[in-house]
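# Chain and residue survey
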Amino acid sequence: VIPENATDITNTTGEINDEGDYVVSGERNTTINITGGSPTIYLDRATVAVGSGNAINITEGNPTIYVVGEDNTISSDNGAGIYVAESSIVTIKGSSKDDELIIRGGNGNSGIGGYIKSDHHGVSCGDITISNITVSVYGSAIGYTGDMSPGIGCSGNATCGTIDISSATVHAFGITDIDNGYSVPGIGTGITVVAYPKNLPDVIAFNSEIYAYRGNPGGTCDYIGWAADLDYPSTTTANSAINPGAGSIKSSTVYCYTGDTLDKTVVYDENG
């Protein structure tokens, strides 16, 4: 599936801003910066792991991240796994659900979507498309501040574009900050110390299985949708629901977890 002329960027630095094909086939410890164009980044048993910043940082352009096989990981200790600017679209895909990718955000940031700046304000993100693949996506928290993000989405007063999931298996992990009393969903919104969530992503799912893990304890936190303040639940509109915003879920199953406990299974037919 990987073009023969794909440029190996496993051990190189620099920005990508064209229509080319690129491949990571081993361990890379620096950020992949995409500043324009519509490139395809192939991950072939690849690990992209950085200590700070976003592991894949999309500031412009509409890249495709094509996952080949298993044992592929994208992670940051102090940023989003994949950040996509609000004017951009990231497409994450494989040839089948046998292709697998793990994505982790760190230090309060999302796995895929936006991130939180040092002033505790969330950064908005663009559209996210996931298809023909199995992904496990983890949000994170900074316990001493209360900044925290979902597996997929944005935080605080930031906005997130459309999250489009088709023919995929998605495991999305939110988190709870017990010290500050906040809980976030697997997909949706997070909370920062200066802002409750104001904008809900639109989630479109078709022919997929979504395992949505809200933090434990969850309180009123949605599985997909709004984050919650466990101590003051009326501060957000979360109500332990599956809330796709203006999107829709069709021909799909959503497994709703609080921590590791399965609370309910919701099956959607072709009419949603």
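Look a little higher up for the structure.
What you are looking at is a predicted structure, and each value in this text was computed from that prediction instead of being measured.

## Let's talk about the pairing of strand E7 (residues 47-50)
A regular strand carries its side chains on alternate faces of the sheet. Burial of the side chains of E7 is restricted to one face: Val 48 and Val 50 are buried, whereas none of Thr 47 and Ala 49 on the reverse face is. Relative to E7, strand E4 (residues 27-28) is paired through two bridges, and the arrangement is parallel. The partner of Glu 27 across the bridge, within E7, is Thr 47. Bridge count between E7 and strand E10 (residues 73-76): four bridges; the pairing is parallel. Bridging from a neighbouring strand, Thr 47 pairs with Thr 73 of E10.

## Remarks on the sheet that holds strand E22 (residues 163-166)
With parallel pairing, the nine strands of this open sheet are ordered in space as E1-E3-E6-E9-E12-E17-E22-E27-E31. Every interior strand has two partners, whereas the edge strands, strand E1 (7-8) and strand E31 (248-250), have only one.

## Here's the deal with unusual backbone geometry
Residue Asn 216 is joined to Pro 217 through a cis peptide bond whose omega torsion reads 0 degrees. Residue His 120 is not a glycine yet carries a positive backbone phi of 75 degrees. Tracing the sequence through the fold places His 120 in the loop between strand E15 (115-116) and strand E16 (122-123). On the accessibility criterion, His 120 (24% relative accessible area) is partly exposed. Backbone geometry places Asn 207, a non-glycine residue, at a positive phi of 55 degrees.

## Some points on the environment of Gly 81
Mapped onto the secondary structure, Gly 81 falls in the loop between E10 and strand E11 (82-84). Along the sequence, Gly 81 and Gly 139 sit 58 residues apart, while their C-alpha atoms lie 9.1 Å from each other. Apart from residues lying up to four places away in sequence, Gly 81 is in contact with Asn 54, Ala 55, Ile 56, Ile 74, Ile 103, Arg 104, Gly 105, Ser 110 and Gly 111.

## Structural notes on the sheet that holds strand E8 (residues 56-60)
With respect to topology, eight strands assemble into an open sheet ordered E2-E5-E8-E11-E14-E21-E26-E29, the strand pairing being parallel. Of all the strands in the sheet, the pair left with one neighbour each is strand E2 (15-16) and strand E29 (224-225).

## What about the pattern of salt bridges?
Once the charged atoms of two side chains with opposite charge are near each other, the side chains can pair. Tallied over the entire structure, the rule returns two salt bridges. Arg 45 is the partner of Asp 71 in a salt bridge, and the nearest nitrogen-oxygen pair spans 2.6 Å. Residue Asp 71 is found in the loop between strand E9 (64-68) and E10, and its partner Arg 45 is found in the loop between strand E6 (40-44) and E7; the two are separated by 26 residues along the sequence. According to the relative accessible area criterion, Arg 45 is exposed, its value standing at 52%. The partner of Asp 119 in a salt bridge is Lys 117, and the shortest N-O contact between them spans 3.9 Å.

Basis of the calculations
Residues numbered from 1 in each chain as written. Predicted model: local features only at pLDDT ≥ 70, side-chain atom pairs only at ≥ 80, totals over all residues. Heavy atoms only, no water. Buried < 20%, exposed > 50% of the residue type's maximum accessible area, 1.4 Å probe, protein only. Helix = DSSP H or I, 4+ residues; strand = E, 2+ residues; numbered from the N terminus. Pairing = 2+ DSSP bridges. Contact = heavy atoms within 4.5 Å. Salt bridge = Lys/Arg side-chain N within 4 Å of Asp/Glu carboxyl O.

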